[in-house]
Amino acid sequence: MPSEQGPVRLGRKRPLPPCPNPLFLQWLTEMRDHAKEKGLKTQYVYQKAINSLKKYPLPLKNGKEAKILQNFGDGICKILDERLQNHYRENGKLTRYGGFTTNQPHGNLHPDKSASHSSKEPLGISEGSMRKAEGIIRKEGGVKKKREYVPQKRSGAYAVLLTLYRNSQLPGSKGFMFKNELQNEAQSICDKSFTVPDLGSKYTAWSSVSTLIQKNLLLKTHSPARYSLTELGLALAERLEFEERGDDCGRDKEKAILAEESGDGPVTINLTVNEGEWEEEDIAENNCIPSEEPTAATTVNQAENAPTCSGLSGTGRDGHLLPGSYDIVLCVDFIETTGGNTARKQELVKELQKNGVIFDIRKLNVGDFLWIAREKVEPVPGQLRPPVAKELVLDYIIERKRIDDLCGSIMDGRFREQKFRLKRCGLRKPIYLVEECGSAAAHMSLPESTLQQAIVNTQVVDGFFVKRVQDVRESAAYLTVMTRHLQKLYQNCTLFCRSRELEGDIECDMESPQCSLISFTEFNHGAVKNKCQTVREVFARQLMQISGISGDKAAAILEHYSTVSSLLDAYAQCVTEAEGEKLLSSIKYGKLKRNLGPVLSRTVYQLYCTRGPLS
């Protein structure tokens with residue numbers, strides 16, 4: 001019986017498995033199951049590809065060859081090629097079936113020589129190259145030696161590590177950086193853009209941050225995200241910084257030697273320098289460190305001429321904008337130019353163009369008009385797009401209201417919410433621009449006296465500057481005058497980028513040559529209306545829904561009780577109901593430090609402590 005004699009080979013070819021491309025089949029099945037778990041329709045695409053692959057009787061060398069099959073497009077073929085390359089790097093042993101890899105030890109592979117020389121088998125890889133690949137990858141008894149991850153010079157990961165390291169070495173560093181400031185600082189030492197992908201690609205230099213987090217080199221916390229270096233990342237960044245300094249010093253010395261040999265530049269020797277000073281200069285030169293570091297109060301000329309070694313220069317692209325290196329530009333919310341009464345909105349644009357105002361139409365998440373300081377950048381030869389210009393938001397923002405719009409916003413509650421968001425946007429000088437529109441107030445749903453009282457309260461109680469105009473032309477004229485005023489006001493200022501997340505920022509003084517402002521990206525991201533909110537913010541919104549509680553009163557309550565839970569705990573400690581009703585009555589609010597009063601205190605108590613429906 002054949003079963004008693006054992007398997008008989010007699011030189012026959014080894015039979016192929018049921019599917020000659022098992023790895024491709026396995027990967028496609030995994031992708032189909034993953035898409036099915038997420039409820040994606042791509043599961044049906046992967047299933048069609050699996051059915052087509054099962055019908056194909058020959059081995060495939062790579063994913064590109066699978067394109068001849070039905071339902072295999074460029075995307076699936078590219079994914080298969082990437083996974084195949086990863087599989088080669090991890091395992092490294094090349095088998096006979098379509099050049100795929102296995103986890104079998106080298107001693108278990110006994111390929112048939114006659115089959116290996118058969119022209120019908122589409123291996124595509126010679127036996128010699130197979131042994132060569134295995135010899136390179138197999139080290140120390142068949143165990144693959146893990147290489148240390150070091151990012152390529154001037155890559156995205158390289159720039160992020162260096163920027164975070166240099167920021168951590170600065171005096172007074174906060175130990176982390178936000179995404180926007182990290183991208184702006186790192187862009188100067190990276191060849192790829194952090195925001196715009198290359199042609200034909202969907203990846204930017206920022207995509208490498210996920211790799212740094214996976215390698216435990218970078219730590220991402222909080223919302224908005226804060227990025228900082230881990231201990232491993234700090235050690236790697238320190239090595240990269242040391243190599244960077246060594247390269248810079250070597251280039252500087254090489255240039256100096258070439259200059260001396262050529263004799264092009266005159267050599268000037270200061271004969272008044274003492275011997276000790278010569279030694280200090282030699283030490284500074286050998287260490288590639290300037291003898292004096294420019295302080296925060298360094299003048300413009302000193303900042304421009306200050307020697308640098310590690311790529312941290314005093315120019316505008318490295319942390320601040322110098323006078324003359326930026327333009328003051330008016331930003332107009334796109335809602336002010338489209339939708340609704342288009343003819344009336346286009347009149348504003350035409351008036352601004354007629355007045356020669358430089359303006360930019362974009363989406364603003366809060367406010368209708370604001371001004372930015374935009375860095376002047378020049379196109380780089382050989383690059384398709386110019387460098388990304390830094391944009392800092394000036395401390396002035398305008399909310400424009402027609403009298404009919406004001407009436408509608410008061411009735412539906414938008415008026416208080418808009419004032420609340422303007423106060424929290426991070427800009428210190430909000431302005432309300434009210435268009436009277438002639439006798440239109442006489443036909444509103446609210447009495448004219450109510451509208452006038454709301455305008456006065458906005459100026460007196462909320463602290464907004466209110467400008468009243470008659471029509472669109474006067475609005476355009478006011479924006480023109482404000483633009484020219486701000487251009488003159490900021491013309492001699494050095495602008496620094498600050499974060500709205502940090503407290504204690506010094507208010508911008510126009511008599512000082514320096515001013516700290518928020519970047520436009522961070523400002524617009526922080527002003528998103530439906531962004532994730534903290535418990536404190538939700539509690540404040542709840543309180544402001546109560547009739548009679550303004551933003552100042554809600555803020556005063558939050559200073560004592562930051563969450564609903566803390567307020568309920570305080571109510572639970574009250575012995576009697578009357579004591580609970582008076583708990584908030586003595587809280588001071590506003591500039592005049594008035595008491596909240598017993599009526600509002602009782603209302604809040606009834607809202608949060610009444611178990612049944614409110615009467």
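Calculation notes
Residues numbered from 1 in each chain as written. Predicted model: local features only at pLDDT ≥ 70, side-chain atom pairs only at ≥ 80, totals over all residues. Heavy atoms only, no water. Helix = DSSP H or I, 4+ residues; strand = E, 2+ residues; numbered from the N terminus. Buried < 20%, exposed > 50% of the residue type's maximum accessible area, 1.4 Å probe, protein only. Contact = heavy atoms within 4.5 Å. Phe/Tyr/Trp six-rings, centres within 6.5 Å; stacked < 30°, edge-to-face > 60°. Lys NZ or Arg CZ within 6 Å of the ring centre and 35° of its normal. Axes fitted to C-alpha atoms, helices over the stretch in contact; angles between N-to-C directions. Parallel < 35°, antiparallel > 145°, perpendicular 65-115°, else oblique. Left-handed = near helix turned anticlockwise from the far one by under 90°. Nonpolar A, V, L, I, M, F, W, Y, C, P; charged D, E, K, R; others polar. Pairing = 2+ DSSP bridges. Core = buried A, V, L, I, M, F, W, Y, C linked by side-chain atoms within 4.5 Å. Expected span 1.5 Å × (residues − 1).

*Asks:* Let's hear about the overall build of the protein: which residues, and what values?
*Replies:* In terms of helices and strands, the protein carries 23 helices and 14 strands. Of all 615 residues assigned to the protein, the portion counted as buried reaches 38%. For the protein, the share of sequence-separated contacts (at least 6 apart) that also reach a separation of at least 24 residues comes to 65%.

*Asks:* Run through the packing of aromatic side chains, naming residues and quoting values.
*Replies:* Each aromatic ring pair is summarised here by two numbers: the centre-to-centre distance and the angle between the ring planes. This structure, assessed with the given rule, holds nine aromatic pairs. Seen in terms of ring centroids, Phe 176 and Phe 178 are 5.5 Å apart; in terms of plane orientation they differ by 90 degrees. Their pairing is edge-to-face. Residues Phe 176 and Phe 178 agree in their burial class; the two are buried. The ring of Phe 176 has Lys 174 lying over it, and the distance from NZ or CZ to the ring centre is 5.8 Å. A cation sits over an aromatic face here: Arg 362 above Phe 520, 4.5 Å from the ring centre.

*Asks:* Summarise the environment of Lys 363; cite the residues concerned and give the values.
*Replies:* When you line up the elements, Lys 363 lands in the loop between β6 (359-362) and β7 (369-375). Separated by 29 residues in sequence, Lys 363 and Phe 334 place their C-alpha atoms 5.6 Å apart.

*Asks:* Break down the side chain of Thr 480 for me, with residues and values.
*Replies:* Within the secondary structure layout, Thr 480 lies in helix α17 (residues 472-489). Excluding anything up to four places from it in sequence, Thr 480 contacts Leu 352, Asn 355 and Val 357.

*Asks:* Give me the packing of helix α19 (residues 535-544) against helix α20 (residues 551-560): which residues, what numbers.
*Replies:* It is at 9 Å that the axes of α19 and α20 come closest, and there the two elements cross at 135 degrees. Judged by the inter-axis angle, α19 sits oblique to α20. α19 and α20 meet at a crossing whose hand is right-handed. Residues Arg 536, Phe 539, Ala 540, Leu 543 and Met 544 of α19 form the contact with α20, whose own contacting residues are Gly 551, Ala 554, Ile 557, Leu 558 and Glu 559. Looking at the contact of α19 with α20 residue by residue, the classes come out as seven nonpolar, one polar and two charged.

*Asks:* So, the sheet that holds strand β2 (residues 218-221): which residues are in play, and what are the values?
*Replies:* An order of β1-β3-β2 is seen for the three strands of this open sheet, with the pairing classed as antiparallel. The open sheet has two free edges, formed respectively by β1 (177-178) and β2, since each of these has just one partner strand. Relative to strand β3 (residues 226-229), β2 is paired through four bridges, and the arrangement is antiparallel. For Leu 218, the partnering residue across the bridge sits in β3 and is Leu 229. On the sheet, helix α7 (residues 156-169) packs against β1, β2 and β3 and is oriented at approximately 85 degrees with respect to β3.

*Asks:* How would you summarise the nonpolar core if you had to cite specific residues and measurements?
*Replies:* Grouped together as the largest cluster of nonpolar side chains are 29 residues, with contacts concentrated most on Trp 371, Tyr 490 and Leu 495. Breaking this core down by element, the ones donating at least two residues are β5 (326-333), α13 (342-354), β7, β8 (391-402), β9 (429-435), α17 and β12 (514-519). For this core, the element with the highest residue contribution is α17, accounting for six residues. Core analysis: the next-biggest nonpolar cluster, separate from the first, contains 28 residues, Ile 372, Cys 425, Leu 446 and Phe 464 among them.

*Asks:* Describe the packing of helix α14 (residues 403-412) against helix α16 (residues 448-460), with residues and values.
*Replies:* One can describe the packing of α14 onto α16 by two numbers: an axis separation of 11 Å at closest approach and a directional angle of 85 degrees. The orientation of α14 with respect to α16, classified from their angle, is roughly perpendicular. Contact with α14, carried on its side by Ile 403, Leu 406, Cys 407 and Ile 410, involves Leu 451, Ala 454 and Ile 455 of α16 and no other residues of that element.

*Asks:* Quick rundown of α7? Include the residues and the values.
*Replies:* A turn of α-helix holds 3.6 residues, and therefore any two residues three or four places apart point the same way. If you check α7, its first and last C-alpha atoms are 20 Å apart, about what 14 residues at 1.5 Å a residue would give, namely 20 Å. Taken across its 14 residues, α7 has 12 buried, putting it largely inside the fold. All buried positions along α7 are accounted for by Gly 156, Ala 157, Tyr 158, Ala 159, Val 160, Leu 161, Leu 162, Thr 163, Leu 164, Tyr 165, Arg 166 and Asn 167.

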